[in-house]
Amino acid sequence: MENTKFISSFFDYKKMPDPKGEVAFIGRSNVGKSSLINFLTGVKNIAKVSSTPGKTQSINLFSFKNKFLVDLPGYGYAAKGKQNNVLLSVMVRDYLMKRENLKMIFVLVDCRIPVQKLDLAVIQLLDVYEKNFSIIITKVDKISKNALFNFMTDLQKNIAEVISKEVRCYTSSSEKKIGKEDILNAIMECYE
Ligand SMILES: Nc1nc2c(ncn2[C@@H]2O[C@H](COP(=O)(O)OP(=O)(O)OP(=O)(O)O)[C@@H](O)[C@H]2O)c(=O)[nH]1
Ligand SMILES: [Mg+2]
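In this text the structure is predicted, and so the values were computed from the model without any measurement.

Draft legend 1. Spotlight on the nonpolar core. Grouped together as the largest cluster of nonpolar side chains are 43 residues, with contacts concentrated most on Phe25, Val70 and Val107. Take this core: its biggest share by element is six residues, from strand 5 (residues 102-110). Not counting residues up to four positions away in its chain, the partners in contact with Val70 are Glu22, Val23, Ala24, Phe25, Ile59, Asn60 and Leu61.

Draft legend 2. Quick peek at the site of ligand 1. Near ligand 1 lie 24 residues; those nearest to it are Gly32, Ser35, Thr56, Gly74 and Glu175. Looking at the shell around ligand 1 element by element, the count peaks at three residues for helix 1 (residues 33-41). Here the residues of the shell around ligand 1 are counted per class, giving four nonpolar, 14 polar and six charged.

Draft legend 3. Highlighting the sheet that holds strand 5. Taking strand neighbours across the sheet as the criterion, the seven strands line up as 1-3-4-2-5-6-7 in an open arrangement whose pairing is mixed. The sheet is open, and its two edges are formed by strand 1 (5-10) and strand 7 (169-171), each paired on a single side. Strand-to-strand twist of the sheet, defined as the mean angle between neighbouring strand axes without regard to direction, takes the value 25 degrees. Of the pairings in the sheet, the one linking strand 6 (residues 133-138) to strand 7 comprises three bridges and is parallel in character. The partner of Ile137 across the bridge, within strand 7, is Thr171. Helix 3 (residues 117-128) rests against strand 2 (22-27), strand 5 and strand 6 of the sheet, and its axis sits at about 160 degrees to strand 5.

Draft legend 4. Inspection of the environment of Ile37 at higher detail. For Ile37, the position within the fold is in helix 1. For the pair Ile37 and Glu175, spaced 138 residues apart in sequence, the C-alpha to C-alpha distance is 12 Å. In this structure, Ile37 is in contact with Phe25, Ile46, Ala47, Phe62, Leu69 and Asp71, ignoring residues within four places of it in sequence.

Draft legend 5. Structural context of the pairing of strand 3 (residues 59-64). For strand 3, the tally of buried residues reaches five of six residues, placing the bulk of the element in the interior. Two elements, strand 3 and strand 4 (residues 67-71), share five bridges in a ladder whose sense is antiparallel. Looking across to strand 4, one finds that Phe64 is bridged to Lys67.

Draft legend 6. Broad picture of helix 1. Of all nine residues in helix 1, eight are buried, a share of seventy percent or more. Within the sequence span of helix 1, burial applies to Lys33, Ser34, Ser35, Leu36, Ile37, Phe39, Leu40 and Thr41. As for helix 1, its buried residues are in contact with strand 2, strand 3, strand 4, strand 5, strand 6 and helix 5 (180-189). Gly42 sits one or two residues past helix 1 and shows a positive phi near 75 degrees.

Draft legend 7. Geometry of the environment of Glu189. Position of Glu189 relative to the elements: it lies in helix 5. Judged by local crowding, Glu189 falls into the exposed class, with 10 C-beta atoms found within 10 Å. In this structure, the C-alpha to C-alpha distance between Glu189 and Ile135, residues 54 residues apart in sequence, is 16 Å.

Procedures and definitions
- Residues numbered from 1 in each chain as written.
- Chains lettered and ligands numbered in written order.
- Predicted model: local features only at pLDDT ≥ 70, side-chain atom pairs only at ≥ 80, totals over all residues.
- Core = buried A, V, L, I, M, F, W, Y, C linked by C-beta atoms within 7 Å.
- Buried ≥ 20, exposed ≤ 12 C-beta atoms within 10 Å, placed from the backbone.
- Helix = DSSP H or I, 4+ residues; strand = E, 2+ residues; numbered from the N terminus.
- Contact = placed C-beta atoms within 7 Å.
- Near = placed C-beta within 6 Å.
- Nonpolar A, V, L, I, M, F, W, Y, C, P; charged D, E, K, R; others polar.
- Pairing = 2+ DSSP bridges.
- Axes fitted to C-alpha atoms, helices over the stretch in contact; angles between N-to-C directions.

Spelled out as structure tokens, the structure:
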């Protein structure tokens, strides 16, 4: 697809180029961030996907239709035998908090897993720092419409317990190709 390419991987947001604004995807390991980038861009494997959590380890920058997308390492995953009590790595936290070029953050949550403390902590952090963010519920091919409705109700309730503002919520399936148009519209909107 025209203009869609992997630019580079970074371990420090300060080393990143400054194109005209970017949109980042964050969420627990294995939630489907990289898969969603492949789905949205329509380029298979532009972002690396794995069924083993912890696949994405760096800040990955992609160009897409004159916009810029950023795939981030997931949180909440500890390698076997190790403990991981850290909410976000310094690398990811600094990127989210300090990157001026960041126009919008999508926080991904898996529809099969009740929203976790870690997700709510990230949402709260983004709210406190007045970041522009929305939620994307992933893997909706895995549950019924009814179960999705219940998940969304619980999610909104849990979010309302930690922040006072309303958060936009999208649904997606990279597998069954659901939700692309709304998410792309949201991306285009934040560049206007
Ligand atoms: N059924 C289904 N599976 C999905 C979907 N999206 C991703 N997956 C699967 O979920 C697993 C993790 O996907 P990734 O895209 O690598 O997840 P990630 O959030 O980038 O993970 P990390 O890089 O480890 O943080 C893979 O096995 C994907 O095939 C979806 O929409 N539906
Ligand atoms: Mg990934």
